[in-house]
Amino acid sequence: QVQLVESGGGLVQAGGSLRLSCAPSGRTFSSYAMGWFRQAPGKEREFVAAISWNGGSTYYTDSVKGRFTISRDNAKNTVYLQMNSLKPEDTAVYYCAAGSNTATLPTGVWGQGTQVTVSS
């Protein structure tokens, strides 16, 4: 069964950085769009960032623009989310998703999530 496995979450102080990784198991996703979503306690899951299959296009929610960077290494079959200048409001479970294009990410393949906690 195809799975996406996230890693790199943890506890960090406000202003710090973390890099999340997402690697699929069971198949390659080099021809798929990839994205990151997050869900904070008591809130709905929200879009964070997405990248096209070849990395040529990237998209971000306004609250992370200038602080987060999504990238991919298709040779390693891995997608990254570099998170800088973290804020307490970034605390959430972060999920990786894959889809045939960025519009289909919400209904594509999802990982189990990795917890990111930012302390003030």
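Residues numbered from 1 in each chain as written. Predicted model: local features only at pLDDT ≥ 70, side-chain atom pairs only at ≥ 80, totals over all residues. Heavy atoms only, no water.

**Here's the deal with the overall build of the protein chain**
Broken down by element type, the protein chain carries zero helices and eleven strands. Listed N to C, the secondary structure of the protein chain is β-β-β-β-β-β-β-β-β-β-β in terms of helices and strands. Taken against the 2.2 N^0.38 rule, which gives 14 Å for 120 residues, the C-alpha radius of gyration of the protein chain at 13 Å falls within 12% of a compact globule. Its C-alpha atoms put the protein chain at 40 × 30 × 25 Å along the principal axes. Every one of the 120 residues in the protein chain was classed for burial, and the buried ones make up 41%. Here the analysis covers contacts within the protein chain between residues at least 6 apart in sequence; of these, 56% occur between residues at least 24 apart. Surface summary for the protein chain: the accessible area is close to 6,100 Å², and the carbon and sulfur share equals 47%. Here the protein chain contributes 10 positively and 7 negatively charged side chains, and the mean placements of these two sets differ by 5 Å. (Helix = DSSP H or I, 4+ residues; strand = E, 2+ residues; numbered from the N terminus. Rg over C-alpha atoms; globule rule 2.2 N^0.38 Å. Buried < 20%, exposed > 50% of the residue type's maximum accessible area, 1.4 Å probe, protein only. Contact = heavy atoms within 4.5 Å. Areas by Shrake-Rupley, 256 points an atom, 1.4 Å probe, with all protein chains shown as cover. Lys, Arg positive; Asp, Glu negative; His and termini not counted. Charge placed at Lys NZ, Arg CZ, Asp CG, Glu CD.)

**A look at unusual backbone geometry**
For N77, which is not glycine, the phi torsion reads 55° and is therefore positive. On the secondary structure map, N77 appears in the loop between β7 (68–73) and β8 (78–83). Of note, S85 is a non-glycine position whose phi angle comes to about 50°, a positive value. The topology assignment puts S85 in the loop between β8 and β9 (92–99).

**Things to note about the nonpolar core**
Core analysis: the largest hydrophobic core is formed by 25 residues, its most contacted members being M34, W36, V48, F68, L81, M83 and Y94. Sorting the residues of this core by element identifies β3 (18–25), β4 (33–39), β5 (46–51), β7, β8, β9 and β11 (114–119) as the ones contributing at least two each. At four residues, β9 tops the list of elements feeding residues into this core. (Core = buried A, V, L, I, M, F, W, Y, C linked by side-chain atoms within 4.5 Å.)

**Focus on the state of the cysteines**
Evaluated as defined, the whole model comprises one disulfide. Sulfur-sulfur distance for the disulfide between C22 and C96 comes to 2.0 Å. When the S-S torsion is -80°, as for the bridge of C22 with C96, the disulfide is left-handed. Separated by 74 residues along the polypeptide, C22 in strand β3 and C96 in strand β9 bring together distant segments of the chain. (Disulfide = S-S within 2.5 Å.)

**What about the packing of aromatic side chains?**
For any pair of aromatic rings, the description consists of the separation of the ring centres together with the inter-plane angle of the planes. Applying the stated criterion to the full structure yields four aromatic pairs. Residues F29 and Y32 carry aromatic rings whose centres are separated by 5.0 Å and whose planes lie at 65° to one another, so their mutual orientation is edge-to-face. The buried category is assigned to F29, whose relative accessible area is 3%. For Y32, a relative accessible area of 22% gives the class partly exposed. Following the ring pairs from residue to residue traces out a cluster consisting of F37, F47, Y95 and W110. For R45, the ring lying beneath its charged end belongs to Y95, and the centroid distance is 4.0 Å. Above the face of the W110 ring, R45 is positioned so that its terminal group lies 4.6 Å from the ring centre. (Phe/Tyr/Trp six-rings, centres within 6.5 Å; stacked < 30°, edge-to-face > 60°. Lys NZ or Arg CZ within 6 Å of the ring centre and 35° of its normal.)

**Examining the pattern of salt bridges**
Applying the stated criterion to the full structure yields four salt bridges. Salt-bridge contacts for R38 lead to E46; the nearest nitrogen and oxygen are separated by 2.6 Å. The class of R38 is buried, set by a relative accessible area of 4%. Among the salt bridges present, the one from K65 reaches D62, with a minimum N-O distance of 3.0 Å. Residue classification places K65 among the partly exposed residues on the basis of a relative accessible area of 49%. Among the charged side chains, a network of salt bridges with common partners joins R38, E46, R67 and D90. (Salt bridge = Lys/Arg side-chain N within 4 Å of Asp/Glu carboxyl O.)

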